[in-house]
Amino acid sequence: MRTDIMRESDLDLVVASRQKLADRVIELILTDRTGQELPHWDAGAHIDLTLGSGLTRQYSLCGDPSDRSCYRIGVLQELESRGGSKYIHEQLMTGVCVRAGASRNHFPLQQAPNYLFVGGGIGITPLIPMIASAERAGADWRLIYGGRTRASMAFVDELQLRHSDRVVICPQDESGLLDLAAILADPCEGRLVYCCGPEALLSAVEARCVAWPSGSLHIERFAPRVTNPALPDNAFEVELSESRKTLYVPAGQSVLDVLLEAGVDVLCACSQGTCGTCETVVLQGEIDHRDSVLTPEERATHTSMMICVSRAASPRIVLKL
Ligand code: FES
């Protein structure tokens, strides 16, 4: 996979500091290696870090967007790490350099008078700058934050110190699972729900929000959405409008794989439909979206697709490539 391509927008960063935030969670403060200001970002954005031999992982930025001197990330060492979090915990000490892609944002905070933030475990990270934005905008907001134990939950002290009246901390060993039936009981016009955390939490919140007005719920997944394994995997044609090629995508092969085999210059990182790196503009055709990035509203437009997992729902699609 072409995860190690150097892009002009890539950043050479250095670990300026690291500290433990919670059990198995560390905070890294990353600065530009030459002391330059870092590019602007907005709440909800993440960066891709290139770790070791081309491994790329996404981390939400959880610092202050107005502070251009550094990026802050929180990293949980996964018990079943696929390599990324283990590398960071073991290798990225203060002073070590690391390459990052430009920030991207598939989880932007829309303006609203009222927000309900629901965070689970390390899913709290993108919500931290969202809370700061909501606070600055004078919005009404509330955070419900769940985790296994208080000691495993990052940013608890920071949140309670600044916003004790708006934040509810719910360690599972003290108060059980989040009472989503009560938390999401009343669909509220004008209130947006932002949720990030483990799949079980996201699925439960999605199910509860079915009764809410369309567009109320915004979710970010770190792991791929569970898809139906019985989904048909049809063959189809992909026409590339700029390179004037037409390629055949057989059943069982992704669009991304076919493009890479044909020598088309495309980027990918997660190959699981979660990071958004491979998002490609669709000019014609219908898409069978299988990613975990696009919202239902974005999917319905059929104007872009994650080529690492999504397929055509029509015999032929045209991509802007
Ligand atoms: S490479 Fe991450 S969504 Fe396709």
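Please read all numbers here as calculations on a predicted model, not as lab measurements. (Residues numbered from 1 in each chain as written. Predicted model: local features only at pLDDT ≥ 70, side-chain atom pairs only at ≥ 80, totals over all residues. Heavy atoms only, no water.)

**A closer look at the overall build of the protein**
Looking only at helices and strands, one finds eight helices and 18 strands in the protein. Expected size for 321 residues packed as a compact globule is a radius of gyration near 20 Å; at 20 Å, the protein falls within 12% of this value. Seen through its principal axes, the protein has C-alpha atoms that stretch 60 × 50 × 35 Å. The proportion of buried residues among the 321 residues of the protein is 48%. Sequence-distant contacts in the protein: of pairs separated by 6 or more residues, those separated by 24 or more amount to 65%. Carbon and sulfur atoms make up 49% of the accessible area of the protein, which totals about 15,100 Å². The protein carries 30 positive and 41 negative side-chain charges, and their two centres are separated by 2 Å. (Helix = DSSP H or I, 4+ residues; strand = E, 2+ residues; numbered from the N terminus. Rg over C-alpha atoms; globule rule 2.2 N^0.38 Å. Buried < 20%, exposed > 50% of the residue type's maximum accessible area, 1.4 Å probe, protein only. Contact = heavy atoms within 4.5 Å. Areas by Shrake-Rupley, 256 points an atom, 1.4 Å probe, with all protein chains shown as cover. Lys, Arg positive; Asp, Glu negative; His and termini not counted. Charge placed at Lys NZ, Arg CZ, Asp CG, Glu CD.)

**Observations concerning the sheet that holds strand β11 (residues 217-220)**
The strand order β9-β8-β7-β10-β11 describes an open sheet built from five strands, whose pairing is parallel. The sheet terminates laterally at β9 (167-171) and β11, the two strands that pair on one side only. With strand direction ignored, the average angle separating the axes of adjacent strands in the sheet is 15°. Sheet topology note: the strand β7 (residues 114-120)/strand β10 (residues 191-196) ladder contains six bridges and is parallel. Each bridged residue has a counterpart across the sheet, and for Leu116 the counterpart in β10 is Val193. The sheet strands contacting helix α2 (residues 127-136) are β7, β8 (140-147) and β10, and the helix crosses β7 at an angle near 165°. (Pairing = 2+ DSSP bridges. Axes fitted to C-alpha atoms, helices over the stretch in contact; angles between N-to-C directions.)

**A word on the sheet that holds strand β2 (residues 25-32)**
The strands that make up a sheet pair up through hydrogen bonds in the backbone, lying either parallel or antiparallel. Ordered by their spatial adjacency, six strands build an open sheet running β4-β3-β6-β1-β2-β5, and the pairing between neighbours is antiparallel. One side of each edge strand has no neighbouring strand; the edge strands of this open sheet are β4 (55-60) and β5 (71-76). The sheet shows a mean angle of 40° between the axes of neighbouring strands, taken without regard to direction. Note that strand β1 (residues 11-22) and β2 share eight bridges and pair antiparallel. In the sheet register, Ser17 faces β2, and the bridge partner there is Ile29.

**Describing the side chain of Glu220**
Structurally, Glu220 is set in strand β11. It is Arg104 that comes nearest to the buried, bridge-free Glu220 among opposite-charge side chains, at 9.2 Å. (Salt bridge = Lys/Arg side-chain N within 4 Å of Asp/Glu carboxyl O.)

**Looking at the pattern of salt bridges**
In this structure the tally under the stated criterion is 17 salt bridges. Residues Lys86 and Glu90 are paired through a salt bridge, measuring 3.4 Å at the closest nitrogen-oxygen approach. Pair noted here: Lys86 and Glu90 are both in helix α1 (residues 84-91), with a separation of four residues, about one helical turn. Overall, the relative accessible area of 41% leaves Lys86 in the partly exposed class. Judged by relative accessible area, which is 42%, Glu90 ranks as partly exposed.

**Quick word on the pairing of β8**
If a strand is regular, its side chains alternate between the two faces of the sheet. Most of β8 is tucked away: six of the eight residues are buried. In this sheet, β8 lies alongside β7 in parallel orientation, the contact comprising seven bridges. Counted as the bridge partner of Phe117 is Leu143 from β8. Traced from β7 through α2 to β8, the parallel crossover comes out right-handed. The pairing of β8 with β9 spans five bridges and is classified as parallel. (Right-handed = clockwise from strand over helix to strand, strands pointing away.)

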